[in-house]
Structures are given as C-alpha cells and as structure tokens.
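Letter by letter, the chains look like this.
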Amino acid sequence: MRIDLEKLKKEALGLISGVKDAKALEDLRIKYLGRTNGELTKLMKSLPKMSLADRRKFGPLLNSLKRELEAALENKLAALKAQSSKLKASIDITMPGKKVSLGHLHPLTMVEKEIREIFTALNFSIVEGPEVESEYYNFDALNIPKDHPAREMWDTFWLRQNEQLTNNKKQLTKSEKLKVNSSKLLLRTHTSPVQIRYMETHQPPFQIIVPGRVFRYEATDVSHETNFHQVEGLMVGKDINLANFKFVIGEFFKRLFKKNVVIRLRPSYFPFVEPGLEVDVKCVRCGGKGCGLCKESGWLEVMGAGMVHPKVFEAAGYNPRDFRGFAFGLGLERIAMIKYNIPDIRLFYSGDLRFIKQF
Ligand code: DAH
C-alpha cells in the first residue's frame, strides 16, 4: 500500500500557516482531524484493514503526523489570539490616552526665579555681567591687588591672553590703559566684578542684585563645584548703613524660607568691604537645637557681606566721601540645598532624572 504522507503533511501545514482567522483554522482541523471524515482520521481508521507489515509501518507515522498537526493548529490558534488582542488594544477608543510627560524648571532655576522676585518686590533692579571677565574687574578693582595673598581666596581659571587688546594700547586713555594692562582674561570667580561695571555707568542711589554663573578651579566634593551660581547684592546711597542691610536680608530670608528667620552677623574679611561680615541664619530645620543640616551648630552660613570699601568706590570713579553702601554675595546652590534639603552640590549637574523629577 502506498500513502503519500509527506504530501499530506506539507499541504496541511501550508494551509494552517496561511490561515487568517480562528474559523478557517477550525475548518482545517475538521478537514484533517475531524472525528468522522477527517483525512488523517480516515487513514487511521483504515489501519486495522491493512496487512501487518503496513500496520507496523504506517501506525507510528500516522500517529506522529497527527501530533504534529495538532501542535501546528494549537500554535496557530495562540498566534491568532495574540494578534487579535493587539489589534483590539490599538483601536480601543475608550482607553485613557497616554500621559505626555512634561518637563519643568530645574531646581536652581526655580530658586533663582524666587530670589529675583523677592528682590524685585524690595525695589532692587536685576543686572547681569560677563562670565569671561578681566583680571581688572574680577580682582584689582575690588581691592585685590596682584600678588596679594587675598587672591588665594579664589582659585581661578585663567584664559589665554587677548593679544588684540594689548596691541592697541596707544589710543587708550590712562584709566583704560590701567584696565588693559591687567586685562588677562579669566572665568569670573564671583559676581562681585559686576559691582564695578554697574557703578562705572550709574549714579547712586540704587539697589541691584546680580545673579550669575561663577567658576572656581577647585576639587569637587559635597559642597564644592567648579561651576556654580551666586547672587550679588549692592545698595549704594548717601547714608546707607548696616542696619539697612540687616533689614533687607532679614526681609529676604523671611520671604525665601517663608518663616521668621533669626539672623546673626559675624566679623569676617573680604578685600572689597570694610567691615566684612559673614551672615548666618538660625537653622531653618532644627530652629537652632542642632541637626545634620547645621552640623549641630544651630546656625547656617548663608552669605558674605559688608560695607563697600572706599577703594572700590574709587575704582568705580566715585568719591568715597560722597557715598556709602552695602554689598553681599550668596551661593545659589547653597540656598537651594538648604531649602530643598539636598545633601550634595554635585547632584545639580549630575543629569540624573531621578534627582530632577523630585522638584
Ligand atoms: N565675592 C565673595 C565670594 O565669592 C562673596 C562676597 C562677600 C560678596 C562679601 C560680597 C561681599 O559682595 O560684600 O566669596
């Protein structure tokens, strides 16, 4: 007896794989494995009538073909089901839409914005200055002469000398020459140079803040970055004094931390102010009892400040007898770290979304 099982198998598998829906698949199952008239079923039913030799030969072959077809049918059914559920999902108009994830402001931008708003409400103007600065504005004009040890307070990134500036010295006035002579370029180490730039072109009375990026050639750690931000403050008039300063920053911190803040002024040294001060606020977390944030001291150091040094007024072209003023400089990152309880300054520029998304 000759039965072409190979042909049957090829044909059946071909049809099964080409099937487009479950109904057609069921029809195929019946065509081949149907209980009464299935092609394979009929062959199996004819086994008992075969010779012993044929039975021995075809019995196992038919059985294995049957199993193969059953498996192919089952797989195909699963594939069809998966496909149809995918199809359904993509056209289910009752499903809620996918949420578009919106970006938001960086925590530093948020704090800077808030600081700008508070000082604007206190009638301060907002002024900006260049990040690439000359040695003159960053140091000399602020009473930090060359070779003075005070320069060590600011580790500096120096830039290559600007040759064009130094070549054109002839047509310059005396004071311009002075500036050009010390016009080695650097990345500003603080926002204080903008004090000079502003006073050169404005007359008191005025009050300004200067937010901006500053740079230090330093090793980084939890509280140091090579690149960070400061907000400089400067208020100049005929009789500005430290009491005015204390009121202004008291008001500022009260609005920033949204509670009454106790302030402490400590003597300190900065070449561009006399007297120079360090400003502490009573720890806004523990209220002065001592905690991790204030390193158990009860106080947080928040800014440097002082009364503008006569030499600074002179450098800006004022007669120091005519005016008095206060100046201050605060670190934006430091304020943000206190406000949001951020333990490491390096997180701000880590680019880590897990950090950014918390704000
Ligand atoms: N420029 C100082 C710094 O970077 C901060 C500072 C201290 C600014 C005292 C001031 C000031 O205006 O009066 O460390």
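In this text the structure is predicted, and so the values were computed from the model without any measurement.

Looking at the site of the ligand
Thought 1: Neighbouring residues of the ligand: 16 residues in total, closest H190, S192, R216, Q230 and E232.
Thought 2: Q195 has a polar side-chain atom sitting 3.2 Å from an oxygen atom of the ligand.
Thought 3: Summarising the interface, the protein chains cover 93% of the accessible area of the ligand, which totals 350 Å² for the free molecule.
Thought 4: Among the secondary structure elements, those contributing two or more residues to the shell around the ligand are β5 (227-237), β8 (299-308) and β9 (324-331).
Thought 5: Residues that form the shell around the ligand fall into these classes: seven nonpolar, seven polar and two charged.

Let's talk about the nonpolar core
Thought 1: With 45 residues, the main nonpolar core has I115, F245, F253, V302, M303, F326 and F328 as its most contacted residues.
Thought 2: Elements with a minimum of two residues in this core: α5 (107-121), β5, α10 (242-257), β7 (273-282), β8, β9, α12 (332-340) and α13 (353-356).
Thought 3: Looking at which element gives the most residues to this core, the answer is α10, with seven residues.
Thought 4: Ignoring sequence-local partners within four residues, the contact set of F245 consists of L265, L277, V279, M303, A305, F326 and F328.
Thought 5: Of all hydrophobic cores here, the second largest spans 29 residues; its members include L186, M199, I208 and F272.

Observations regarding the pairing of β8
A regular strand carries its side chains on alternate faces of the sheet.
Thought 1: In terms of residue burial, β8 counts as a mostly covered element, since eight of its 10 residues are buried.
Thought 2: Pairing between β8 and β9: five bridges, direction antiparallel. Directly across from M303, in β9, lies its bridge partner L330.

Thoughts on the domain arrangement of the protein chain
Thought 1: As far as domains go, the protein chain holds domain 1 (2-89) and domain 2 (107-356).
Thought 2: For domain 1 versus domain 2, the separation of C-alpha centres amounts to 84 Å.

Side note on the packing of helix α1 (residues 5-18) against helix α2 (residues 22-33)
Thought 1: Interaxial distance between α1 and α2 falls to 10 Å at its minimum, and their mutual angle equals 165°. The orientation of α1 relative to α2 falls into the category roughly antiparallel. Every pair of crossing elements has a handedness; the one defined by α1 and α2 is left-handed. On α2, the residues that touch L8, E11, A12, L15 and I16 of α1 are L25, L28, K31 and Y32.
Thought 2: Among the residues forming the contact of α1 with α2, the class breakdown is seven nonpolar, no polar and two charged.

Concerning α2
Thought 1: A rise of 1.5 Å per residue sets the reference length of α2, with its 12 residues, at 16 Å; its end C-alpha atoms lie 16 Å apart and thus fit the reference within 8%.
Thought 2: Along α2, the positions that sit buried rather than exposed are L25, L28, Y32 and L33. One face of α2 carries all of its buried residues, which in axial projection span an arc of 95°.

Remarks on the pairing of β5
Thought 1: Judged by how many residues are buried, β5 sits mostly within the fold: 11 of 11 residues are covered.
Thought 2: Here 10 bridges tie strand β4 (residues 206-215) to β5, and the two strands are oriented antiparallel to one another. Bridging from a neighbouring strand, G212 pairs with Q230 of β5.
Thought 3: Two strands pair when backbone bridges link them, and β5 and β9 are joined in this way by eight bridges, in the antiparallel orientation. Among the inter-strand pairings, E232 is bridged to a residue of β9, identified as G329.

Examining the side chain of E133
Thought 1: Residue placement: E133 occurs in strand β2 (residues 132-134).
Thought 2: Among the polar contacts listed, one links the side chain of E133 to the side chain of R197, at a separation of 2.7 Å.
Thought 3: If we ignore the near neighbours within four places in the chain, the residues touching E133 are N138, K184, L185, L186, R188, P193 and R197.

Considerations on the state of the cysteines
Thought 1: Tallied over the full model, the rule gives zero disulfides.
Thought 2: Cysteine C283 shares no disulfide, and the gap to the nearest cysteine sulfur, in C286, comes to 3.6 Å.
Thought 3: Residue classification places C283 among the buried residues on the basis of a relative accessible area of 2%.
Thought 4: Its sulfur unpaired, C294 is 3.7 Å from the next cysteine sulfur, which belongs to C286.
Thought 5: Taking relative accessible area as the criterion, C294 reaches 4% and is therefore assigned buried.

Cut-offs used in this document
- Residues numbered from 1 in each chain as written.
- Predicted model: local features only at pLDDT ≥ 70, side-chain atom pairs only at ≥ 80, totals over all residues.
- Heavy atoms only, no water.
- Near = heavy atom within 4 Å.
- Polar contact = N/O pair within 3.5 Å; in protein donor to acceptor, adjacent residues only side chain to side chain.
- Areas by Shrake-Rupley, 256 points an atom, 1.4 Å probe, with all protein chains shown as cover.
- Helix = DSSP H or I, 4+ residues; strand = E, 2+ residues; numbered from the N terminus.
- Nonpolar A, V, L, I, M, F, W, Y, C, P; charged D, E, K, R; others polar.
- Core = buried A, V, L, I, M, F, W, Y, C linked by side-chain atoms within 4.5 Å.
- Buried < 20%, exposed > 50% of the residue type's maximum accessible area, 1.4 Å probe, protein only.
- Contact = heavy atoms within 4.5 Å.
- Pairing = 2+ DSSP bridges.
- Domains from an automatic or database assignment.
- Axes fitted to C-alpha atoms, helices over the stretch in contact; angles between N-to-C directions.
- Parallel < 35°, antiparallel > 145°, perpendicular 65-115°, else oblique.
- Left-handed = near helix turned anticlockwise from the far one by under 90°.
- Expected span 1.5 Å × (residues − 1).
- Arc of directions from axis to C-beta.
- Disulfide = S-S within 2.5 Å.

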